[in-house]
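# Coordinate analysis (summary)
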Amino acid sequence: MENETTNILIVGVGGQGVLLASELLSETAMRAGYNIKKSEVHGMSQRGGVVTSHIKFGKKVYSPIIPYGEVDILISFEQAEALRAVDWLKKDGVVVTAKTRLVPPIATGGKFHYPDDPIADLKKKVKKVIAVDAEQIALELGDIRLVNTILLGGISTDLEFDHKLWEEAIRVRVKPKFVDVNLKAFARGQELAVAIKKAMA
Amino acid sequence: MRRFLSGNEAVARGAYEAGVKLAVGYPGTPSTEILETLAEEYRSIYSEWSPNEKVAFEVGIGASLGGARALVTMKHVGLNVAADPFMTFAYTGVNGGFVLISADDPEMHSSQNEQDNRFYAKFAQIPFLEPSDSQESKDFVLKAFEISEKFDTPVMLRMTTRISHSKGIIEENEPVKIESVGFKRDMQKYVMIPANAKKRHLIVTQRLEKLQQYSEETELNVIENNGSKIGIISGGIAYQYAKDNLPDADYLKIGFGFPLPIEKIRKFVSSHQKVLVIEELEPYYEEIIHAAGIKIEGKKYFSRLGELSPYKVALGLKEAGLLDKTAGAQIAPAELFPRPPILCPGCPHRGAYMALKKLGVAVTGDIGCYTLGVLPPLEYLDTCICMGASIGNAIGMEKVGGYQKGVVAVIGDSTFLHSGITGLLDAVYNKSNITVIILDNRVTAMTGGQQHPATGYTLMGETTKRVNFIELAKALGVESVHEVDPYDYQGLIKTIEGEINREGPSVIITNRPCVLMPKRIGDRPYRVIAEDCNGCSACFRIGCPAIASSKELTEHNRPKAIIDPVLCTGCSLCAQVCQPEAIVPTGEPVKVK
Ligand SMILES: Cc1ncc(C[n+]2csc(CCOP(=O)(O)OP(=O)(O)O)c2C)c(N)n1
């Protein structure tokens with residue numbers, strides 16, 4: 001159908017760089033000649049709340065919101081958030097999540113419980129789960145905020161955009177000072193994804 | 001050039017292309033980024049934050065009467081504040097084009113209500129336009145200015161959160177050349193004494209007839225003919241959700257929403273077997289269409305609460321018999337802990353709530369980050385109605401003896417300047433015994449850190465005079481005015497206690513800046529000495545995101561606390577409530593007693 005789209009959902013917690021990641025992805029898709037829309041809601045939620053970004057691209061895009069059960073790729077910067085969003089996924093969709101655990105104060109009081117192993121729970125629901133210790137790589141590169149670009153590098157292997165376009169997007173969208181380290185982070189994510197896929201095959 | 005812009009950025013671009021000379025507003029989600037984009041990217045336009053929406057609207061009127069194109073931005077509830085000039089400006093009409101952006105917030109992502117401002121346009125008898133994506137957000141701004149000048153009327157552009165904050169690709173154009181025409185004295189038109197206003201009211205009704213004609217003809221209300229027996233009447237984001245589900249139906253897409261093109265609608269309806277109206281929030285189109293005696297269905301299938309979505313629209317279409325495929329499965333919300341918004345580590349508002357809770361007073365609240373004091377574990381805020389309401393609410397409650405332990409109003413700096421000053425004046429004038437705490441973090445934090453009259457900077461980044469809250473309170477007649485450090489827990493308790501027991505109104509001003517603005521503030525982080533922590537959980541109860549429960553348990557099986565050194569800003573409030581003195585600054589030798 002003309003209005004068939006590729007649907008990507010990015011989730012995380014306020015401050016984790018969900019919005020930058022979705023900007024980079026959108027910029028790349030636009031440069032690849034796609035029509036693209038994305039939607040997120042800023043405001044209150046950013047004070048420690050869940051941040052969600054919907055991205056839809058294809059020939060024709062109507063609303064910027066992905067319908068339930070139609071996400072092709074779910075990217076999460078936090079384990080439990082991947083679990084929260086997993087039902088948006090298509091039957092054969094992919095989840096790529098960081099192993100980061102952010103336990104909010106509300107789950108320290110005893111009333112609410114942070115799941116012991118969200119990734120194991122995910123695997124019960126979805127066949128293709130890729131969980132990476134992006135935090136560790138980000139720290140190696142010197143900045144924990146690079147988790148978003150590392151994961152983006154990872155999912156780039158599932159999309160057909162030319163590497164040059166990703167690089168251009170990073171160059172125009174990231175502050176000049178941080179371009180190089182983001183390019184490195186992106187490459188690390190790519191390498192990792194290739195290695196994981198090999199191991200899974 | 002093609003660019004990927006949010007609806008708000010596209011409106012800013014539209015203002016630039018339309019030759020706007022002055023843009024003005026007051027921050028409010030989801031409208032804020034329009035002026036921020038103008039101030040950053042299109043600096044040839046003079047733009048400013050006013051202290052509130054009413055002033056902003058009046059500044060916009062002045063610019064229009066002065067002969068320039070003016071843009072005024074606000075969130076939906078902002079128009080309640082600006083309703084007075086809005087209703088009468090509809091009578092005088094414009095000189096330079098005037099466009100009001102009303103950014104509504106269906107679903108109340110960041111608002112206290114979800115009023116549907118399309119009714120405001122009808123109320124004031126002025127036209128409104130409603131875009132359905134970023135490209136239209138830009139195009140409709142240009143259209144709105146043309147309509148404003150052609151029909152001599154202010155025009156409202158109604159945005160919603162989804163349109164304002166979603167992004168899409170737009171095509172940029174060169175700005176049009178507009179010469180400012182200057183002010184032309186015309187007392188009969190601009191001085192609304194009753195004799196003149198009566199004449200103007202007649203002109204408003206005549207203008208409405210012309211607008212009705214325009215609505216029938218304009219391509220803003222467009223029919224998409226796909227040869228279907230099913231017709232959909234829709235506008236704004238709802239139109240896109242409908243297209244997601246029924247790409248091949250016929251559409252009457254409404255871009256010009258008041259007055260509605262009734263004859264076009266009548267024809268559209270009569271030439272289709274079944275016609276549905278799909279609109280977000282209230283049955284605004286539906287009521288008008290019904291009143292014209294045209295048979296359609298709408299809210300019977302679609303909720304008037306919250307936002308619509310592709311999914312909700314699919315459900316409605318299915319119920320109406322227009323969609324047979326099962327529309328995605330309803331998701332059982334994952335059984336997970338919530339992540340409510342929370343005061344930041346080191347937030348200066350935290351101390352005030354800790355002290356108020358300790359004192360057990362009634363707290364009338366207001367709108368800003370500090371409203372988060374209502375959420376667990378602080379949970380110590382009793383009211384929140386609208387901006388500026390805290391002081392009036394406190395006065396009333398205290399006058400009737402509603403709460404014996406004392407009534408305290410808490411209000412942010414931006415909110416106090418927006419609409420708290422007159423409340424405080426009332427407290428002095430009518431001899432109220434309330435205590436007002438101005439939580440001065442020197443920024444409009446909730447909406448992302450905008451300047452205001454007490455920050456020392458303008459929207460465009462110039463330095464300017466700063467209001468002095470102490471002098472201001474004294475000038476209003478408040479005799480007891482204190483400045484306190486909100487990181488000093490005992491000091492806060494003492495000051496507030498002293499003031500609630502005192503006759504007459506008092507003002508307490510907290511003096512620590514927002515930890516996020518302009519740069520994230522961090523001091524030496526604190527840490528927990530695990531051997532000394534007795535698991536009492538006093539530090540958990542101040543609701544700081546930097547404090548978590550450790551895996552390590554006390555002998556009574558209670559979790560000990562740990563502090564994340566990256567998040568901790570060193571405000572020390574947790575250390576001040578720690579009985580065993582187990583929380584200490586890092587870098588110090590173990591506890592000095
Ligand atoms: C009439 C109206 N205009 C704008 C808003 C949006 N808004 C909510 S809180 C706020 C200001 C908060 O600033 P401040 O009072 O300084 O408190 P802070 O968030 O900094 O703690 C604004 C502009 C609103 N809710 N109502």
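Heads up: the structure comes first, above all this text.
These lines cover the structure that appears in this document, whether it is placed above or below. (Residues numbered from 1 in each chain as written. Chains lettered and ligands numbered in written order. Predicted model: local features only at pLDDT ≥ 70, side-chain atom pairs only at ≥ 80, totals over all residues. Heavy atoms only, no water.)

### Some words on the pairing of strand E1 (residues 2-6) of chain B
All names here are of chain B. Of all five residues in E1, four are buried, a share of seventy percent or more. Pairing of E1 with strand E8 (residues 167-171) involves five bridges; the strand directions are antiparallel. Note on E8: the bridge partner recorded for phenylalanine 4 is isoleucine 169. (Buried < 20%, exposed > 50% of the residue type's maximum accessible area, 1.4 Å probe, protein only. Helix = DSSP H or I, 4+ residues; strand = E, 2+ residues; numbered from the N terminus. Pairing = 2+ DSSP bridges.)

### Re the environment of tryptophan 166 of chain A
Its place among the elements puts tryptophan 166 of chain A in helix H6 (residues 163-173). Separated by 17 residues in the primary sequence, tryptophan 166 of chain A and leucine 183 of chain A have C-alpha atoms spaced 9.1 Å apart.

### Details of the state of the cysteines
The bond known as a disulfide is covalent and runs between the sulfur atoms of two cysteines. All names here are of chain B. Across all of its chains, the model carries zero disulfides over all chains by this definition. For the unlinked cysteine cysteine 369, the closest cysteine sulfur is that of cysteine 347, found at 6.5 Å. For cysteine 369, a relative accessible area of 8% gives the class buried. Considering cysteine sulfurs only, cysteine 536 is the nearest to cysteine 578, which forms no disulfide, with 6.1 Å between them. (Disulfide = S-S within 2.5 Å.)

### Side note on the pattern of salt bridges
All names here are of chain B. Enumeration according to the criterion identifies 46 salt bridges over all chains in this entry. Residues glutamate 172 and arginine 3 are paired through a salt bridge, measuring 2.8 Å at the closest nitrogen-oxygen approach. Taken together, the positions of glutamate 172 in the loop between E8 and helix H9 (187-190) and arginine 3 in strand E1 put the pair 169 residues apart, joining distant regions of the chain. By the burial criterion, glutamate 172 is buried, and arginine 3 matches it. A salt bridge links arginine 118 to glutamate 279; its shortest N-O distance comes to 3.1 Å. (Salt bridge = Lys/Arg side-chain N within 4 Å of Asp/Glu carboxyl O.)

### Observations regarding the site of the ligand
Residues and elements named next belong to chain B. Glu53, His349, Asp413, Thr415 and Ala445 are the nearest of the 26 residues found near the ligand. At 2.7 Å, a side-chain N or O of histidine 349 approaches an oxygen atom of the ligand. Protein coverage of the free-state accessible area of the ligand, which is 590 Å², stands at 98%. Mapped by element, the contributors of at least two residues to the shell around the ligand are helix H4 (78-81) and helix H17 (413-429). (Near = heavy atom within 4 Å. Polar contact = N/O pair within 3.5 Å; in protein donor to acceptor, adjacent residues only side chain to side chain. Areas by Shrake-Rupley, 256 points an atom, 1.4 Å probe, with all protein chains shown as cover.)

### Some thoughts on the sheet that holds strand E6 (residues 128-129) of chain B
Residues and elements named next belong to chain B. One open sheet holds the seven strands; their spatial order is E3-E2-E4-E5-E7-E6-E12, and the pairing between them is mixed. Both edges of this open sheet fall to strand E3 (46-49) and strand E12 (256-258), since each of them pairs with a single strand only. Helix H1 (residues 7-17) rests against strand E4 (70-75), strand E5 (98-104) and strand E7 (155-160) of the sheet, and its axis sits at about 155° to E7. Taken strand by strand, helix H2 (residues 33-41) contacts strand E2 (22-25), E3, E4 and E5, and its axis lies near 135° from that of E3. (Contact = heavy atoms within 4.5 Å. Axes fitted to C-alpha atoms, helices over the stretch in contact; angles between N-to-C directions.)

### Some words on helix H18 (residues 469-476) of chain B
Residue and element names in this part refer to chain B. All buried positions along H18 are accounted for by Phe469, Ala473 and Leu476. One side of H18 carries all its buried residues, which in axial view fall inside an arc of 60°. Next to the buried residues of H18 lie H17, strand E16 (435-439), strand E17 (480-484) and strand E18 (506-510). The N-cap of H18, judged by a side-chain oxygen 2.9 Å from the amide nitrogen of isoleucine 470 a few residues on, is asparagine 468. Glycine 477 sits one or two residues past H18 and shows a positive phi near 110°. (Arc of directions from axis to C-beta.)

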